[in-house]
Amino acid sequence: MSSESAAPTSVSTHILDTSVGRPAEGVALTLSVRSGSGGAWTVHGAGRTDVDGRCKNLPAPPEGTTHVRIDFETEAYFSSRQHSANQQAEEQQDAPALRDSGAFFPEVAITFAVKPGEHYHVPLLLNPFGYSVYRGS
């Protein structure tokens, strides 16, 4: 099978906010690519997670890509969630307001190696004070 007829490399991601057990909706992210370990990063696409925490519109990396980086803008997500939680707490007199504000990790950058023709699903498990990633299917 020649490389011309091979399926393109593809990348997908989703985010689960493990602090609430729900998808993280509305997180902006950027997909960057490079060729070789010392190559310069080039922004190749951007998107935002949907109600299911998925970003479905990431473009296929160009031929020759060896590394992909996804930058997740988590600060705005946690700030928005913090505001909603504080508003709910104020409405419920017996509910304590959240003590911590802001995001400990204002952004998360995940870099991984890719091979031509493979699909890479990279889920982000996120909470206000930590995160984990893995190669999904």
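What counts and how
- Residues numbered from 1 in each chain as written.
- Predicted model: local features only at pLDDT ≥ 70, side-chain atom pairs only at ≥ 80, totals over all residues.
- Heavy atoms only, no water.
- pLDDT = per-residue confidence, 0-100.
- Contact = heavy atoms within 4.5 Å.
- Salt bridge = Lys/Arg side-chain N within 4 Å of Asp/Glu carboxyl O.
- Helix = DSSP H or I, 4+ residues; strand = E, 2+ residues; numbered from the N terminus.
- Buried < 20%, exposed > 50% of the residue type's maximum accessible area, 1.4 Å probe, protein only.
- Pairing = 2+ DSSP bridges.
- Axes fitted to C-alpha atoms, helices over the stretch in contact; angles between N-to-C directions.
- Phe/Tyr/Trp six-rings, centres within 6.5 Å; stacked < 30°, edge-to-face > 60°.
- Lys NZ or Arg CZ within 6 Å of the ring centre and 35° of its normal.

What to know about the confidence of the model for the chain
Predicted confidence across the chain gives a mean pLDDT of 86, with 81% of residues reaching 70 or more. Across residues 86-92, confidence stays below pLDDT 50; counting only partners more than four residues off in sequence or on other chains, it has 5 contacts. Across residues 94-99, confidence stays below pLDDT 50; counting only partners more than four residues off in sequence or on other chains, it has 7 contacts.

A look at the pattern of salt bridges
Within the structure shown, the criterion is met by 4 salt bridges. Where Arg135 meets Glu118, a salt bridge forms, and the shortest distance between an N and an O atom there is 3.2 Å. Separated by 17 residues along the polypeptide, Arg135 in the segment after strand E10 (130-133) and Glu118 in the loop between strand E7 (108-113) and strand E8 (119-121) bring together distant segments of the chain. On the basis of relative accessibility, which here comes to 30%, the residue Glu118 falls in the partly exposed class.

Some thoughts on the sheet that holds strand E6 (residues 67-73)
Taken in spatial order, the 4 strands of this open sheet run E4-E3-E6-E7, and their pairing is antiparallel. Lying at the two open borders of the sheet, with one neighbouring strand each, are strand E4 (42-48) and E7. Between one strand and the next, the sheet's axes are offset by a mean angle of 20°, whatever the strand orientation. For E6 and E7, the ladder comprises 6 bridges, and the chain directions are antiparallel. Paired with Asp71 across the bridge in E7 is Ala109.

Some words on the pairing of E6
On any regular strand, side chains alternate: one points to one face of the sheet, the next to the other face. With 5 of 7 residues buried, E6 is to be regarded as a mostly interior element. As judged from the 7 bridges shared by strand E3 (residues 28-34) and E6, these two strands associate in the antiparallel manner. Among the inter-strand pairings, Ser32 is bridged to a residue of E6, identified as Arg69.

Observations concerning the packing of aromatic side chains
Taken as a whole and judged by the stated rule, the model has 5 aromatic pairs. With centroids separated by 4.9 Å and ring planes inclined at 80°, the aromatic side chains of Phe104 and Phe105 adopt a geometry described as edge-to-face. We classify Phe104 as exposed; its relative accessible area is 56%. A network of ring pairs unites the aromatic residues Phe104, Phe105, Phe129 and Tyr131 as a single cluster. The aromatic ring of Trp41 is capped on one face by Arg69, whose charged end is 4.6 Å from the ring centroid.

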